[in-house]
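Notes for the structure review
Letter by letter, the chains look like this.
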Amino acid sequence: MLSIMVKMSWKNACTIISIAAALLTSPVAFAQNRNAERKEKVKEDSLNKRDKEKRKQGTWFYRHEARMGEPAYSEFGNYKDDMKQGIWYTVDADGVILSVEPYIRNVLNGTAQYYKEGKLLCTGTYRGLNPDNKYDSVLVVDINTYEEKIVAVPSERGSVRHGIWRYYDPASGHMIREEEYQIDDLIYKKDFPQLAVTDSTRREQNLANRPHNQKKPEKTRSGKVKSYIYTD
C-alpha cells in the first residue's frame, strides 16, 4: 500500500495520465482519461492546504530536489494547526521507504524506523518535549542504584533519544547492536556478532521445531500425544 502511494505521487499520476491521453486516438478513451485527470486534480487540490489563519492543515507532500551531493527525496504526512501530527514518511526518488517517524505537536515522539534501500536499518524511541513550557520533566533511572528521579530538560531541544535503539544488518535482517539512551545519553550498548551460516541454519531448525510452530500434535497408537523437546 505504501509503495503504491509513494510511487504514484499526485504529480507523477497527472503526468502519466496526460501522456496516455495524448497517445490515445479514440474519442471515448480520450474522454475517459480526461475524467480521470480531473479526478486526480481534485485529489491533488486536497493536498498542502491552509486554513483561514494560514495554518497548514491535513495532508502535505514535499518534494526535495537533489542538492549539495544529497539525493532527491520526498516526505509526506499530516499537519494539525501548523504542526506535524502523526506518522510522517520519507522516501527516495524511486519511492523506496527511507524513514517512518511519529510526531506529536511538531516534535518526534515514539518509535521511529529507518531503512536502507527499503530494508530495516534501525528502530529507536524518541521522547518529545512539551513545546508549551520552557522545560519538560523526564523520568530517568540511575543505572547503578536503580533509583528513579525527574530531570528538567529544556524544551527547545525538541526531542531526545530516550529508550531502546536497535540496529540491523539490512542484508540479513539480523540485529547487530542494541543501545539504551536516557535523554540522549548512552547508558547501555551491546553488539551481537553475525551468526555463521551453520549456526543460523541450526537456529532456524530449532525455531521450526518448537511446539507453537508445529502442526497439531499427532497421537501415538496408545492415544498419547507426542511431546516435543527443543534447545537453543
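Residues numbered from 1 in each chain as written. Predicted model: local features only at pLDDT ≥ 70, side-chain atom pairs only at ≥ 80, totals over all residues. Heavy atoms only, no water.

What about the overall build of the protein chain?
Note the threshold: By definition, any uninterrupted DSSP run of H or I lasting at least four residues is a helix, any uninterrupted run of E lasting at least two residues is a strand, and each is numbered from the N terminus. Remark: exposure states derive from per-residue accessible area (1.4 Å probe, protein chains only) relative to the maximum for the residue type, with buried under 20%, exposed over 50%, and partly exposed in between. Contact criterion: two residues are considered in contact whenever any of their non-hydrogen atoms come within 4.5 Å of each other. Note on areas: these come from Shrake-Rupley sampling with a 1.4 Å probe, and a residue is covered only by the protein chains present in the view.
A tally of helices and strands in the protein chain yields four helices and 14 strands. Residue burial in the protein chain is summarised as follows: out of 232 residues, 27% are buried. A sequence separation of at least 24 residues applies to 27% of the contacts in the protein chain between residues at least 6 apart. Accessible area of the protein chain: about 16400 Å², with a carbon and sulfur share of 53%.

Brief notes about the packing of aromatic side chains
Short version of the rule: In this analysis, rings of Phe, Tyr and Trp, with Trp reduced to its six-membered ring, are considered paired at centre separations within 6.5 Å, and the interplanar angle assigns stacked below 30 degrees, edge-to-face beyond 60, and tilted for intermediate values. For a lysine, the NZ atom is tested; for an arginine, the CZ atom; a charge sits over a ring if that atom is within 6 Å of the ring centre and within 35 degrees of the ring normal.
Counted by the stated rule, this structure contains eight aromatic pairs. An aromatic cluster is built from Trp 60, Tyr 62, Tyr 79 and Trp 88, whose rings are joined through pairwise contacts. Lys 84 extends its terminal NZ or CZ atom over the ring of Trp 88, reaching a point 4.5 Å from the ring centre. The ring of Tyr 167 is capped by Arg 177, whose NZ or CZ atom sits 5.5 Å from the centre of that ring.

Topic: the pairing of strand 9 (residues 119–128)
Quick reminder of the rule: Strands pair, by our definition, only if DSSP identifies at least two bridges between them.
Both strand 8 (residues 110–116) and strand 9 contribute to a ladder of seven bridges, which runs antiparallel. Following the sheet pairing, Tyr 115 is matched in strand 9 by Leu 120.

Things to note about the side chain of Glu 75
To be explicit about the condition: The definition of a polar contact used here is a pair of N or O atoms within 3.5 Å, where within protein one atom must be able to donate a hydrogen and the other to accept one, and adjacent residues in sequence count solely through side-chain atom pairs.
Inspection of the secondary structure assignment puts Glu 75 in strand 3 (residues 73–80). Here His 64 takes part through its side chain, which lies 2.9 Å from a polar atom of the side chain of Glu 75. Glu 75 has contacts with Trp 60, Phe 61, Tyr 62, His 64, Lys 84, Trp 88, Tyr 89 and Thr 90, leaving out every residue within four places of it along the chain.

So, unusual backbone geometry
Phi is positive for Asp 81, close to 55°, though the residue is something other than glycine. Topologically, Asp 81 is positioned in the loop between strand 3 and strand 4 (83–84). A relative accessible area of 32% means that Asp 81 is categorised as partly exposed.

Describing the pattern of salt bridges
Under the convention used in this document: Every case where a carboxyl oxygen of Asp or Glu lies within 4 Å of a side-chain nitrogen of Lys or Arg is listed as a salt bridge.
According to the stated counting rule, one finds 12 salt bridges in the structure shown. A salt bridge links Arg 157 to Asp 184, with the nearest nitrogen and oxygen atoms 3.2 Å apart. With Arg 157 in the loop between strand 11 (148–154) and strand 12 (159–168) and Asp 184 in the loop between strand 13 (175–182) and strand 14 (185–191), the pair connects residues that are 27 residues apart, well separated along the chain. For Arg 157, a relative accessible area of 39% corresponds to the partly exposed category. Two residues, Arg 177 and Glu 179, come together in a salt bridge whose shortest N-O distance is 3.9 Å. Beyond isolated ion pairs, a larger network of salt bridges with shared partners links Asp 51, Glu 53, Arg 55 and Asp 81.

Quick word on the nonpolar core
Rules: Grouping buried Ala, Val, Leu, Ile, Met, Phe, Trp, Tyr and Cys residues that are joined through side-chain atoms within 4.5 Å yields what is termed a nonpolar core.
Trp 60, Tyr 79, Trp 88, Tyr 103, Leu 108, Ala 112, Tyr 114, Cys 122, Tyr 126, Trp 165, Tyr 167 and Tyr 181 form the largest nonpolar core, which has 12 residues in total. Mapped onto this core, the elements with two or more residues apiece are strand 8, strand 9 and strand 12. Not counting residues within four places of it along the chain, the set of residues in contact with Trp 60 comprises Asn 48, Lys 49, Arg 50, Glu 75, Phe 76, Gly 77, Tyr 79 and Trp 88. If you look at the next biggest cluster of nonpolar residues, it comprises six residues, including Leu 129, Val 138, Val 153 and Ile 183.

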